[in-house]
Each structure stands twice: as C-alpha cells, then as structure tokens.
Amino acid sequence: MPMLDSFLVDHVNMPAPGIRVAKKMKTPKGDTITVYDLRFAKPNKEIISEKAMHTLEHLFAGYMRENLPNYEIIDISPMGCRTGFYMSVIGEPKDEEVLNAFKKSMQNILDTNEIPEANIYQCGSCYMHSLNAAKKVAKHILDKEIVIMDNEKLKLDPSKIKNVCNVEKEKIAILG
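It should be emphasised that the depicted structure is a prediction, and the values quoted were computed from it without experimental measurement. (Residues numbered from 1 in each chain as written. Predicted model: local features only at pLDDT ≥ 70, side-chain atom pairs only at ≥ 80, totals over all residues. Heavy atoms only, no water.)

K.L.:
Please explain the environment of Tyr71 as it appears in this structure.
P.N.:
Looking at the secondary structure, you find Tyr71 in the loop between helix 1 (50-67) and strand 4 (72-78). Dropping the residues within four chain positions of it, Tyr71 is found in contact with Val89, Ile90, Gly91, Glu92, Pro93, Lys94 and Glu97. There is a polar contact of 3.0 Å between the side chain of Tyr71 and the side chain of Glu97. (Helix = DSSP H or I, 4+ residues; strand = E, 2+ residues; numbered from the N terminus. Contact = heavy atoms within 4.5 Å. Polar contact = N/O pair within 3.5 Å; in protein donor to acceptor, adjacent residues only side chain to side chain.)

This is how it looks when you write it as structure tokens:
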C-alpha cells in the first residue's frame, strides 16, 4: 500500500494550532485544488473530545465558507486522530487568508448560540454534540498563536519511523 502524504509529515515536530498546505493538485480542466491541514491540537499531546469535534464539524465548515468567500471550499473534514480538519479548496488562497478565516471562524464559534443541523433529520449522531466543548476548543485556539507551518521543516525522516506508539495516554490533554 502506498504511503499517504499525511503520513510523511513529522507529527512529533508539528506545531498547533497551525495551518499548512498539505498538497496541491490539478483537475483535468487545469483548476488547482489546494488541501489544507488545519491543525487545532498538538499531535499525541492533545486531542479534541468526540462531542467537541462533532460540533466543530457542524460549525467550522459553514463559518470557513463565510470567512473565505473568494474561494470555493469543496470539503472540510475532521481528521480521524481528532487533532484538526482537512479543507479542500478550488484555487490557491494565500496562507494569511486561510489563517484569518480560521481565526474569524473560531470567534464565530465563540459567539454562536446554536448548533446547526443537530437534529435527527439532518445528523446521524445528533446526541453527540456539545456547544460548550466546541467553544472551549475555539477559545484554546484563539488564546494561542496560529502558525503557518513549514513543510520542509516537517518532512519526516523515514529512518525515524518505528511501528511503536509510546505515548502515555494519561498525559494527553483532551480539548473540549
């Protein structure tokens, strides 16, 4: 099986919160699709709670679309590791545009009073939400500096890869 791009990034040295261009690709018609890694939590040190992650998924996708209006966002999807989201965009926004939209979206989450589409008709796990937890994550992000990550500095040295996870679970901070 081929190694996916996201696993060629050194998660030990990855800062959070932060943004980075995960990859760019061209469509058959020549349009550029840019995929962003929008990192909320430090890998293997922090993790977003399930309810916060689900609520962020409902809120963040809408707010990012509002706050990055000059680009067509194809998708914003949570990472399985619960440390952030991937965002696929048609075009090539400047990092600063994405960073500002990220900050504005976190502020929007702090200012919101309801979770959209959190009902049995529009959500497959409508019971698994917490607006308070999502707000705690948004505040956590805004209280820190959101950095623009350098892919060259995060390039994984394959000789460091060991099939061992020696992270102490009790030392991982749960955000939300």
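K.L.:
For this particular structure, what's the right way to read the nonpolar core?
P.N.:
Note that soluble globular proteins tend to have their nonpolar side chains buried in a common cluster. Leu38, Phe40, Ile48, Phe60, Met64 and Met87 are the most contacted members of the largest nonpolar core, which totals 34 residues. The residues contacting Met87, other than those within four sequence positions of it, are Thr34, Val35, Tyr36, Leu38, Met64, Leu68, Ile73, Asp75, Ile76 and Val98. (Core = buried A, V, L, I, M, F, W, Y, C linked by side-chain atoms within 4.5 Å. Buried < 20%, exposed > 50% of the residue type's maximum accessible area, 1.4 Å probe, protein only.)

K.L.:
How should unusual backbone geometry be read in this particular structure?
P.N.:
Peptide bonds are mostly trans, and most non-glycine residues show a negative phi. The omega angle of the peptide bond from Ala16 to Pro17 is 0°, so this bond is cis rather than trans. Structurally, Pro17 is set in the segment before strand 1 (18-26). Although it is not a glycine, Asn44 sits at a positive phi angle of roughly 65°. Secondary-structure assignment places Asn44 in the loop between strand 2 (32-39) and strand 3 (46-48). Overall, Asn44 belongs to the partly exposed group, its relative accessible area being 40%. Non-glycine residue Glu117 carries a positive phi angle of around 60°. By secondary structure assignment, the location of Glu117 is in the loop between helix 2 (95-111) and helix 3 (131-142).

K.L.:
Which parts of the structure should I look at to understand the sheet that holds strand 5 (residues 84-90)?
P.N.:
Strands pair in a sheet through their backbones, by hydrogen bonds, and they do so in one of two ways: parallel or antiparallel. One open sheet accounts for five strands, arranged 4-5-2-1-6; its pairing is mixed. The open sheet has two free edges, formed respectively by strand 4 and strand 6 (147-148), since each of these has just one partner strand. When strand 4 meets strand 5, the two strands line up antiparallel, connected through six bridges. Within strand 5, the position partnered with Ile76 by the bridge is Met87. Contacting strand 1, strand 2, strand 5 and strand 6, helix 2 crosses the sheet at an angle of about 125° to strand 1. (Pairing = 2+ DSSP bridges. Axes fitted to C-alpha atoms, helices over the stretch in contact; angles between N-to-C directions.)

K.L.:
Is there a simple way to explain helix 2 in this structure?
P.N.:
Given 3.6 residues to a turn, an α-helix orients residues that are three or four positions apart in the same direction. For helix 2, built from 17 residues, the straight-helix expectation of 24 Å at 1.5 Å per residue is met to within 8% by its first-to-last C-alpha distance of 24 Å. Those residues of helix 2 that sit buried are Val98, Leu99, Ala101, Phe102, Ser105, Met106 and Ile109. Looking down the long axis of helix 2, one finds its buried residues gathered within 165° of arc, a one-sided arrangement. Buried residues in helix 2 make contact with strand 1, strand 2, helix 1, strand 5, helix 3 and strand 6. (Expected span 1.5 Å × (residues − 1). Arc of directions from axis to C-beta.)

K.L.:
How do you make sense of the packing of helix 1 against helix 3 when you look at a structure like this?
P.N.:
Helix packing geometry: the angle between the two helix axes and the distance between the axes. Relative to each other, helix 1 and helix 3 sit at 80°, their axes nearing to 8 Å. Comparing their axes, helix 3 and helix 1 come out roughly perpendicular. Here Ala52, Thr55, Leu56 and Leu59 of helix 1 lie close against helix 3, whose contacting residues are Leu131, Ala133, Ala134 and Val137. In the contact of helix 1 with helix 3, the residues fall into seven nonpolar, one polar and no charged. (Parallel < 35°, antiparallel > 145°, perpendicular 65-115°, else oblique. Nonpolar A, V, L, I, M, F, W, Y, C, P; charged D, E, K, R; others polar.)

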